[in-house]
Amino acid sequence: MPTEPVIEVAGVTKTFAGVKALDDVDFTLNRGEIHALVGENGAGKSTLIKVLTGIHSPDGGRIARNGRISTIYQEVNLVPLMSVAANLFLGREPRNRLGLIDRTRRDAEAKELLQGYGITADVSSPLGTLAVGEQQMVALARAVEADADVVIMDEPTSSLEPREVETLLDVVRKLHEQGIAIIYVSHRMDELYRICDTVTVLRDGVSVHSGPLKELPRIELVSLMLGRSVNEIQKHGTTAFGEDHHADTLPVLEALDLTSKPRINNIDVSIRPGEVVGLAGLLGSGRTETAKAIIGALPLDHGTVLVAGKPVPHNVKAATRAGISMLAEDRKTEGIIPNLSVRENIVLAALPKLSRFGITSRSKQDRIVDAFIKRLRIKVSSPEQKVAELSGGNQQKVLLARWLCTEPKILLLDEPTRGIDVGAKAEVQALIDELAKEGLAVLLISSELDELLDGADRLIVLRDGEVAGELEGAQLTREHVLNAIAAEVMDDADGNQNSH
Amino acid sequence: MSTVQATATRTKVLQRQGAAVALILMVAVSWLVFPRFGSLDNLRDLALQGSFLAVIALGMTFVIITGGIDLSVGSLYALGGVLAAWGSQYGFLVALTLPLLVCGAIGFVNGLLIARTNMAPFIVTLASLLFARGLLLAITDEGANTYQIAPDSAFVELGRGTVFGFGYPIFIAAALAVLGGLILNRTTFGQNVFATGGAEQSAVLLGVPVAKTKIGVYTMSGTLAGLAGALTAAYLQSGVTVIGVGTELDAIAVVVIGGTLLSGGMGTVLGTVIGVGLIKVIQNVINQIGTLDSNYQSVVSGVFLLIVVVLQRILRR
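Residues numbered from 1 in each chain as written. Chains lettered and ligands numbered in written order. Predicted model: local features only at pLDDT ≥ 70, side-chain atom pairs only at ≥ 80, totals over all residues. Heavy atoms only, no water.

An unreviewed UniProt entry lists chain A under the name Sugar ABC transporter ATP-binding protein, with Lentzea aerocolonigenes as the source organism.

### Some words on the overall build of chain B
Along its length, chain B carries 13 helices and two strands. What you see for chain B is a C-alpha radius of gyration of 19 Å, in line with the 20 Å of a compact globule of 317 residues. Expressed as a percentage of the 317 residues in chain B, the buried residues total 53%. For chain B, the proportion of contacts with a sequence separation of at least 24, taken over those separated by at least 6, is 76%. Taking the average location of the 15 positive side-chain charges in chain B and that of its 11 negative ones, the two points are 19 Å from each other. (Helix = DSSP H or I, 4+ residues; strand = E, 2+ residues; numbered from the N terminus. Rg over C-alpha atoms; globule rule 2.2 N^0.38 Å. Buried < 20%, exposed > 50% of the residue type's maximum accessible area, 1.4 Å probe, protein only. Contact = heavy atoms within 4.5 Å. Lys, Arg positive; Asp, Glu negative; His and termini not counted. Charge placed at Lys NZ, Arg CZ, Asp CG, Glu CD.)

### Quick word on the packing of aromatic side chains
Residues and elements named next belong to chain B. Within the structure shown, the criterion is met by five aromatic pairs over all chains. On the basis of an interplanar angle of 45° and a centroid distance of 6.0 Å, the ring pair of Phe 52 and Tyr 235 is categorised as tilted. Of this pair, Phe 52 sits in helix 2 (residues 40–65) while Tyr 235 sits in helix 10 (residues 210–236), and the two are 183 residues apart along the sequence. On the basis of relative accessible area, Phe 52 is assigned to the buried category, the value being 5%. Considering the side-chain rings of Phe 92 and Phe 155, the 6.0 Å spacing of their centres and the 70° angle between planes classify their relative orientation as edge-to-face. Pair noted here: Phe 92 is in helix 4 (residues 92–117) and Phe 155 is in helix 6 (residues 154–160), with a separation of 63 residues, a long-range link. A residue is classified by how much of its surface remains accessible, and Phe 92, at 35% relative accessible area, is partly exposed. One cation-aromatic arrangement involves Arg 44 over Phe 166; the distance from NZ or CZ to the ring centre is 5.6 Å. The ring of Tyr 235 has Arg 160 lying over it, and the distance from NZ or CZ to the ring centre is 5.2 Å. (Phe/Tyr/Trp six-rings, centres within 6.5 Å; stacked < 30°, edge-to-face > 60°. Lys NZ or Arg CZ within 6 Å of the ring centre and 35° of its normal.)

### Let's talk about a nonpolar patch on the surface
Residue and element names in this part refer to chain B. There is a patch of nonpolar side chains on the surface, built from Tyr 296, Val 299, Val 300, Val 303, Ile 307 and Leu 311 and spanning about 520 Å² of accessible area. Following the sequence through the fold, Val 300 ends up in helix 13 (residues 297–316). The exposure class of Val 300 is partly exposed, given its relative accessible area of 32%. (Patch = residues over 30% accessible without salt bridge, like charges linked within 9 Å, V, L, I, M, F, W, Y side chains within 5 Å. Areas by Shrake-Rupley, 256 points an atom, 1.4 Å probe, with all protein chains shown as cover. Salt bridge = Lys/Arg side-chain N within 4 Å of Asp/Glu carboxyl O.)

### Some points on the confidence of the model for chain B
Taken over all residues, the pLDDT of chain B has a mean of 88, while the share at 70 or more is 92%. A low-confidence stretch, residues 1–6 of chain B stays under pLDDT 50, and its non-local contacts, those more than four residues away or across chains, total nine contacts. (pLDDT = per-residue confidence, 0-100.)

### Re the interface of chain A and chain B
Contacts between the two partners involve 26 residues from chain A and, on the opposite side, 25 residues from chain B. Interface area, chain A with chain B, both sides summed: about 2000 Å², of which 64% is carbon and sulfur. Taken together, the links from chain A to chain B amount to zero salt bridges. Linking chain A with chain B are six residue pairs in polar contact (both at pLDDT 80 or more), by the criterion used here. Looking at the side of chain A that touches chain B residue by residue, the classes come out as 15 nonpolar, five polar and six charged. (Buried area = accessible area lost by both parts, 1.4 Å probe. Polar contact = N/O pair within 3.5 Å; in protein donor to acceptor, adjacent residues only side chain to side chain. Nonpolar A, V, L, I, M, F, W, Y, C, P; charged D, E, K, R; others polar.)

### Some words on the sheet that holds strand 21 (residues 466–472) of chain A
All names here are of chain A. Sheet architecture is open: six strands sit in the order 15-18-19-12-20-21, paired in mixed fashion. Each edge of the open sheet is held by one strand with a lone partner, namely strand 15 (324–327) and strand 21. Across the sheet, the axes of successive neighbouring strands diverge by a mean angle of 20°, strand direction being ignored. Strand direction decides the pairing type here: strand 15 and strand 18 (residues 410–414), joined by four bridges, are parallel. The partner of Ile 324 across the bridge, within strand 18, is Ile 410. Its contacts with the sheet put helix 15 (residues 392–405) on strand 15 and strand 18, and the angle it makes with strand 15 is roughly 170°. (Pairing = 2+ DSSP bridges. Axes fitted to C-alpha atoms, helices over the stretch in contact; angles between N-to-C directions.)

### What about the pairing of strand 20 (residues 458–463) of chain A?
Residues and elements named next belong to chain A. In terms of burial, strand 20 is a largely internal element, five of the six residues being buried. When strand 12 (residues 276–280) meets strand 20, the two strands line up parallel, connected through four bridges. By the bridge assignment for strand 20, Ala 280 is matched with Val 461. Relative to strand 21, strand 20 runs antiparallel, the two being bridged by six bridges. Note on strand 21: the bridge partner recorded for Arg 458 is Glu 472. A loop of two residues connects strand 20 with strand 21, the two strands running antiparallel in sequence, and Asp 464 in this loop sits at a positive phi of about 50°.

### Overview of the domain arrangement of chain A
Residue and element names in this part refer to chain A. Along its sequence, chain A is carved into domain 1 (5–236) and domain 2 (253–496). For domain 1 versus domain 2, the distance between C-alpha centres works out to 30 Å. Domain 1 puts 12 residues into the contact, and the matching count from domain 2 is 12 residues. The tally of links between domain 1 and domain 2 comes to zero salt bridges. Our count for the domain 1 to domain 2 interface comes out at zero residue pairs in polar contact (both at pLDDT 80 or more). For the side of domain 1 that touches domain 2, the per-class residue count stands at three nonpolar, six polar and three charged. (Domains from an automatic or database assignment.)

### Let's talk about helix 8 (residues 188–198) of chain B
By the criterion of burial, helix 8 of chain B is predominantly enclosed, with eight of the 11 residues buried. Of all the residues in helix 8 of chain B, the buried ones are B:Gly190, B:Gln191, B:Asn192, B:Val193, B:Phe194, B:Ala195, B:Thr196 and B:Gly197. Those residues of helix 8 of chain B that are buried are in contact with helix 2 (84–89) and helix 3 (103–115) of chain A together with helix 2, helix 7 (168–186), helix 9 (200–205) and helix 10 of chain B.

### What about the pattern of salt bridges?
Residue and element names in this part refer to chain A. In total, this model carries 23 salt bridges over all chains according to the counting rule given. Close ionic contact of Glu 384 with Arg 343 constitutes a salt bridge, the shortest N to O distance being 2.8 Å. Residue Glu 384 is located in the loop between helix 14 (362–375) and helix 15, and its partner Arg 343 is located in helix 12 (residues 342–347); the two are separated by 41 residues in the primary sequence. A residue is classified by how much of its surface remains accessible, and Glu 384, at 41% relative accessible area, is partly exposed. For the salt bridge of Arg 362 with Glu 384, the shortest nitrogen-to-oxygen distance reads 3.1 Å. Of the two residues, Arg 362 is situated in helix 14 and Glu 384 in the loop between helix 14 and helix 15; the sequence distance between them amounts to 22 residues. Note on Arg 362: relative accessible area 41%, which makes it partly exposed. Taken together, the shared-partner salt bridges in this structure form one network comprising Arg 272, Glu 275, Arg 458 and Glu 470.

### Describing helix 1 (residues 45–53) of chain A
Among all positions in helix 1 of chain A, only A:Lys45, A:Thr47, A:Leu48, A:Ile49, A:Val51 and A:Leu52 are buried. Residue A:Gly54 follows helix 1 of chain A closely and has a positive phi angle near 90°.

### Overview of the environment of A:Glu427
Residue and element names in this part refer to chain A. With respect to the secondary-structure elements, Glu 427 resides in helix 16 (residues 422–437). Exposure remark for Glu 427: the relative accessible area of 25% places this residue in the partly exposed category. Each C-alpha atom, one on Glu 427 and one on Thr 417, is 9.6 Å from the other, the two residues being 10 residues apart in sequence. Leave out the neighbours within four places in its chain, and Glu 427 touches Leu 376, Arg 377 and Lys 397. A polar contact is formed between the side chain of Glu 427 and the side chain of Lys 397, at a distance of 2.5 Å.

This is how it looks when you write it as structure tokens:
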């Protein structure tokens, strides 16, 4: 295929509040190519995408678009209360002779179309009833069916299960075969190297590299993104976790027999001070539910939570007072209050401790906030900056600071590094490590096996809401974990054989 | 699986059925207990009384589905009536179109301010409520000057004419409800209304003209309030200045009873019609009891509303 640019960007600059988000960026997308766009959060990827799609107009430079652009975003940007079919065809619904929307035809077409994406759900049910992965697939189907010449995908797989990722990558390849150009934004190296032809690396608003991806070794790509030398990265490895923590004291947290049917069943978790215990398992295996059960946010059929040997009443307030804090998976809906400042977000949970008769001491707040901003290396212009303006990684640190303010003994971390970039990820991982060294008991939930294997001293593997295995020491290998997760599949196979 | 939305879906069905079940029960009990309730005369009166509120509530349904609120409709309802009565001296066409145009224009300005300046609908329409009520008092010399409509004019026929004893406003309201249902569910505008209220940020990214949609629903709401006022004036043969105080709250109440989510993104015209039926049956029954001091009417309807809302809340669990 001759190289024919569908998007050509030359010397584009975009400034927000005096900060250069894009600085003289060149970018070319050729017809039929899959182009990886990588960089740390805050490197300018989102801004570049918004400039490409016309949401932002650049301060300087030239953009030539030669075709229709569709974008799918990291968070599913559809309407959860509307039906799947309505979402898919919003704005271009099939009509009958009277000019009214032909719902029968719409639903039939939606059903047929979505089968090609591996979705068999009822298209007349609200989109919000689908799993996140399926919703993302609907968003993708919508973007593609809009007769786009260019599809921009911003972290499309960040909330997908491995199986769904495969379906998505298949769809991407299909699009590629149809000659549609794709800009693929992801932090997942595996995916990038599997499907992308070319890569553009952004760092601090500057395009630092552009060229074929296959010729670029991974470690080099990471070093380009981070702006650090290859040597430096090799010395520290891909995750920032240090040595295992040795803890021989008594458990500070003991959760016994946690059961909340049908989601979790007889789960036991115990964590010693200074220990990081990982919760592994597939999406829906009960990881988040287990954490929620421990902090008292999930109604239990039965089960007890003990902190330092003392039973804790099953509610969040009591759990928090007993020293349990939880960093929720979904920053946007369960944690960050975007319109409040960094300071306000940080002190939120600690306000009761900081106030006397309902009046809070501002100077005390400032001292604590300053200390945490320094300690967690949160990048802010001032403590009064709105949290919404921070990058994902820095938002996560703000949340971490909020819970650390309450001086917890036990920290439950649900996907603490999801959706944040490589550099911030490493910092958060290093922080977890530090916190454990200081004696905190940490429960770490992650979908990334490497993060669990490197970060945790002990792994509890969940499967269908039950403990499928506990791994420690030499057992902490990929194979062991996968075996524990996969055992169910083999059980099923056995079961089938027996029944025949 | 997003449990929040799944719950919302279940709620939708239950709320809609809940209001319908309540209406059926209410009608059945009233029919048995009050011999006069089931009489054709009473049913005609009930339907007529409901039709004015239904026209207003129809516009409110659209506004609330976009996630907004329109507090100005009570004042616009009264203003529409006065404008129609005043305009009737220049003939049928002026009497009908003047209130639609003026109230529609005020609704349009509401929409414009809400969509373009991002001001809260509550504040903007509260200002219009005061503005329209003030305008009304100004043109009627603080209510001292009541415009009458000539009893033999064609315009009065619009409010008082009947088919089989059922007043024209009933048919107008029914036709508008059917039209409203079609617009909501079977046109792009309707889909945009749902998308705007369901997830505004996403709607923008999906290419939904959010601002235009908002301007559209407020214009529609204002126009319909003006129409309801015109119909009421035609029925009463005069522009009564004191009506419509608190009508915006009645309209919001029936929309919500009908299962439309106050937070937006979900709702039906049928639910609103059922909500109107419910509130009018309650008022009718209170009238049937007769011994109840009329001042206690709103106390009873208030308590009943609360019961309905609490029941919906319980059904949701």
